[in-house]
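Commentary on secondary and tertiary structure
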Amino acid sequence: MVLQQLLVLVLLVSQHASGLQMEVFEGAQSVLLPCQVPVSVSSGSTAVWDRDDFRIPTVHVRQPDGDYLKDQNQRYEGRTSMMEDALQTGELSLTLRRPTFTDSGTFTCTVCRFGEDLHQAAVELQVREAPPPVWPWVLVALLVIAAAVWYQRCKKKLTADGSPFCPSETVEIREGVKSVLLPLKANKSLPRDVRVEWTRPDQRNIRIHVCPEEQKNIYEGRTKMKADPLRNGDLSLTLKTPQLEDCGVYKCVVYRGGDLLLQKAVTLRVKGQSDSTVTRWSRCPCSVLYLHQHTGVGQ
């Protein structure tokens, strides 16, 4: 029995670590350098953590009566600790707080008793630069997602062609015709609770025709829309007995509550019957200029 214990002791004395490697990022709160031995080895022994590449190699010392830090290297002062019952349990791991680049190197854990080394293990520590923060990329991703959600919500409010603004259009007629059609055709039927307004934005936005309501104005009896325009989506306006003074910009706006569903501008040009109308033509509003400056819709 005694021979067997001596054999185990000899094996422990000759045991060396195979070179455990550990990595940690600078800025970490702490890192644990592992070292475990049998209780029969640690009990009544002294555990020494050191670094041979320093002029003062001692990192931490635990004796049977407690820590012995008199010869500790100053760079590890207040940064190392071991379990209170380390020698009683054989758990000799060292906690190193606030690791920095200068802590990169080989730490050796040696267990000795009466001047004889019973166990020795080495741990190679690499302290690397912390990776760049992730939050900027997370913020960019959140902004992209928010923009996509906003786009989809706005898209639902648009008409089937992708925009509430229909291309502007110009209608030319000669003075004396019985009527003129200002065209506007929606791509689908409209809800019953929408409001349709034909106005003259170049004439202080006076209302020409309103659906479903009717109103008193200078165009009374001269404007007409098809029956049930919301069901068939045909919002075209018929203007009877167009005159030279009727030339200008007509705008149709369709909205529901505060949401714009459809908008179109139609420029009406009324030509006179004789060559003298060239002079009279100059009295018409500059429709193209108005469309660019006030409605935002190009001809």
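Not measured: the values here are computed from a predicted model. (Residues numbered from 1 in each chain as written. Predicted model: local features only at pLDDT ≥ 70, side-chain atom pairs only at ≥ 80, totals over all residues. Heavy atoms only, no water.)

In this section: the pairing of strand β16 (residues 248–256). Taking burial as the measure, the 9 residues of β16 include 7 buried ones, the bulk of the element. Sheet topology places strand β12 (residues 195–200) next to β16; 5 bridges connect them, and they run antiparallel. Within β16, the residue paired with V196 across the bridge is V254. Bridge count for β16 against strand β17 (residues 259–271) is 9 bridges, and the pairing is antiparallel. Note on β17: the bridge partner recorded for Y255 is L260. Counted along the chain from β16 to the antiparallel partner β17, the turn is 2 residues long, and its residue G257 has a positive phi close to 65 degrees. (Buried < 20%, exposed > 50% of the residue type's maximum accessible area, 1.4 Å probe, protein only. Helix = DSSP H or I, 4+ residues; strand = E, 2+ residues; numbered from the N terminus. Pairing = 2+ DSSP bridges.)

On to the sheet that holds β12, then. Pairing in this open sheet of 5 strands is mixed, and the strands run β10-β17-β16-β12-β13 from one edge to the other. Each edge of the sheet is formed by a strand with only one pairing partner; in this case those strands are β10 (169–174) and β13 (206–211). Direction aside, neighbouring strands of the sheet carry axes that sit 20 degrees apart on average. (Axes fitted to C-alpha atoms, helices over the stretch in contact; angles between N-to-C directions.)

What follows is about the pattern of salt bridges. Inspection of every chain in the model, using the stated rule, returns 15 salt bridges. Close ionic contact of K271 with E172 constitutes a salt bridge, the shortest N to O distance being 3.7 Å. Of this pair, K271 sits in strand β17 while E172 is found in strand β10, placing the two residues 99 residues apart along the sequence. Its relative accessible area of 36% is what places K271 among the partly exposed residues. Ionic contacts of the salt-bridge type, sharing partners, join the residues E172, R269 and K271 into one network. (Salt bridge = Lys/Arg side-chain N within 4 Å of Asp/Glu carboxyl O.)

Attention now goes to the packing of aromatic side chains. Given two aromatic rings, one states the distance between the centres and the angle between the planes to describe the pair. Enumeration according to the criterion identifies 2 aromatic pairs in this entry. Ring geometry for F54 against Y76: centres 6.3 Å apart, planes inclined by 35 degrees, an arrangement best described as tilted. With F54 in the loop between β3 (46–50) and β4 (58–63) and Y76 in the loop between β5 (66–67) and β6 (80–81), this residue pair connects regions lying 22 residues apart in the sequence. Overall, the relative accessible area of 15% leaves F54 in the buried class. The exposure class assigned to Y76 is buried, which follows from its relative accessible area of 0%. Among the aromatic side chains, those forming a connected cluster through ring pairs are F54, Y76 and F107. (Phe/Tyr/Trp six-rings, centres within 6.5 Å; stacked < 30°, edge-to-face > 60°.)

The subject of this paragraph is the sheet that holds strand β7 (residues 94–97). The strands that make up a sheet are held in pairs by hydrogen bonds between backbone atoms, and each pair lies either parallel or antiparallel. With antiparallel pairing, the 3 strands of this open sheet are ordered in space as β2-β7-β6. Two strands bound the open sheet, and with one partner strand each, they are β2 (30–33) and β6. Sheet topology note: the β6/β7 ladder contains 2 bridges and is antiparallel. Counterpart to S81 in the pairing with β7 is T95.

Quick look at the pairing of β4 now. The element β4 is extensively covered by neighbouring structure, given that 5 of its 6 residues are classed as buried. With 2 bridges connecting them, β4 and β5 associate as antiparallel partners. The partner of Q63 across the bridge, within β5, is G66. The loop that links β4 with its antiparallel partner β5 comprises 2 residues.

Below, the discussion takes up the UniProt feature "transmembrane region" (unreviewed entry) in the protein chain. Feature annotation in UniProt places "transmembrane region" (unreviewed entry) on residues 134–151, given in this structure's numbering. Regarding residues 134–151, the helix share stands at 94% and the strand share at 0%, and the terminal C-alpha atoms are separated by 26 Å. (UniProt positions renumbered as here; feature names shortened; annotations may be inferred.)

Right, let's get into unusual backbone geometry. Note: most residues except glycine have negative phi, and most peptide bonds are trans. The phi angle at N205 is positive, at roughly 55 degrees, despite the residue not being glycine. Along the chain, the position of N205 falls in the loop between β12 and β13. Its relative accessible area of 44% is what places N205 among the partly exposed residues. Here D228, not a glycine, exhibits a phi torsion of approximately 50 degrees, which is positive. By the element assignment, D228 lies in the loop between β14 (223–225) and α5 (229–232).

Next up on the list: the environment of E169. Relative to the helices and strands, E169 resides in strand β10. Here E169 falls in the partly exposed class, since its relative accessible area comes to 31%. Taking the C-alpha atoms as reference, E169 lies 4.9 Å from V266; in sequence the two are 97 residues apart. The residues touching E169, leaving out its near neighbours within four places in the chain, are P183, K264, A265, V266 and T267. A distance of 2.6 Å separates polar atoms of two side chains, one belonging to E169 and the other to K264. (Contact = heavy atoms within 4.5 Å. Polar contact = N/O pair within 3.5 Å; in protein donor to acceptor, adjacent residues only side chain to side chain.)

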